[in-house]
Amino acid sequence: TPPFILGLFSSILVRVAAYLFFILLFFVLNVPGMTRPFWLTALEYLLVGFFFLDFIYAAKQKDFLHSAAYLSVAQLGFLFVGLILGNKSALTGALMELLSQTLVVAGLFIAVGVLSLKPTGAHPFSKLAGLGRHDFWAALALVIFTFSIVGFPPTGGFFGKFYLVQGILEKHDWVLLMVVIATFGFNLVTAGRFTWLLFEHRKTSSFHASIPFSAKAPLLALALAVLLLGVFNQEVVHNFIEPALPKAFTNLPVPNVPFLGKQVE
């Protein structure tokens, strides 16, 4: 299957399904008004841990396509963190993550197709060594996608995760906070290693193929969209995300970004 088709399914269709699940929970079942038994809460936490575990599997892969597939699944954990918490900050973060993940995952799969070096379908990471020295803009796009997954400003992924952390603090869920912080730390180390690979001065097995602009234009456009989502995060939250939240949260203020704002009950 061509990588851009995989990106369509993984980024758009899977995230649309996640959004429909959000609508089912908060507009059909009215989950905020329900009391959840302990076993269901424990199952939800295990589900988040299952998703976050895929970040480790993504880091262990030697093939770019396989790693992108694991990253696509792993990021769903952040969406479920927001659904578990269920307050306004967390749901705002989950929907912001939904937008940024759609762009990032599509960008990763498109990058796999653009940077394919073998007709056999193999996409070894070792062949990407030194990409930044041969095609700076393609490497920069990959760095933007990677650090949006980490939650590094000013990417859209940072603001989604900021609201999620705000929601965790409002709920005083310290276990979930430790899990999320540990995930942030692991992803930051992995992103640093990947960035070093892209810009290292390896003499053998490095990237030498030229990439036509027409091929990498969608890659650059998605990377720019990830940055614009972060820069204009307040407008996105006010005009698109807040109207999509349950009516119970309509009149509650959203915390200021990037500083911790007022507590939301």
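Our subject is the structure that appears above.
This is a predicted model, so every value here is computed, not measured. (Residues numbered from 1 in each chain as written. Predicted model: local features only at pLDDT ≥ 70, side-chain atom pairs only at ≥ 80, totals over all residues. Heavy atoms only, no water.)

## What about the pattern of salt bridges?
Consideration 1: On inspection of all chains with the given rule, the structure shows 3 salt bridges.
Consideration 2: When the shortest N-O distance is used, the salt bridge between Lys161 and Glu97 registers 2.8 Å. You can see Lys161 sitting in helix 8 (residues 156-171) and its partner Glu97 sitting in helix 5 (residues 88-114), a full 64 residues away along the chain. Taken individually, Lys161 and Glu97 each receive the classification buried, so the pair is uniform in this respect.
Consideration 3: For Lys216, the salt bridge identified is with Asp135, shortest N-O distance 2.8 Å. On the criterion of sequence distance, the pair formed by Lys216 in helix 10 (residues 213-231) and Asp135 in the loop between helix 6 (131-134) and helix 7 (136-150) is long-range, its members being 81 residues apart. Each of the two residues, Lys216 as well as Asp135, counts as buried. (Salt bridge = Lys/Arg side-chain N within 4 Å of Asp/Glu carboxyl O. Helix = DSSP H or I, 4+ residues; strand = E, 2+ residues; numbered from the N terminus. Buried < 20%, exposed > 50% of the residue type's maximum accessible area, 1.4 Å probe, protein only.)

## Looking at the nonpolar core
Consideration 1: One finds Phe64, Val81, Leu115, Leu142, Phe145 and Leu198 to be the most contacted residues of the largest nonpolar core, which totals 52 residues.
Consideration 2: If you tally residues by element for this core, the top one is helix 7, at 10 residues.
Consideration 3: Setting aside anything within four residues of it in sequence, one finds Phe64 in contact with Leu108, Ala111, Val112, Leu115, His123, Phe125, Leu128 and Leu142.
Consideration 4: Counting 23 residues, the second-largest nonpolar core is a separate cluster that includes Leu79, Phe159, Phe162 and Val237. (Core = buried A, V, L, I, M, F, W, Y, C linked by side-chain atoms within 4.5 Å. Contact = heavy atoms within 4.5 Å.)

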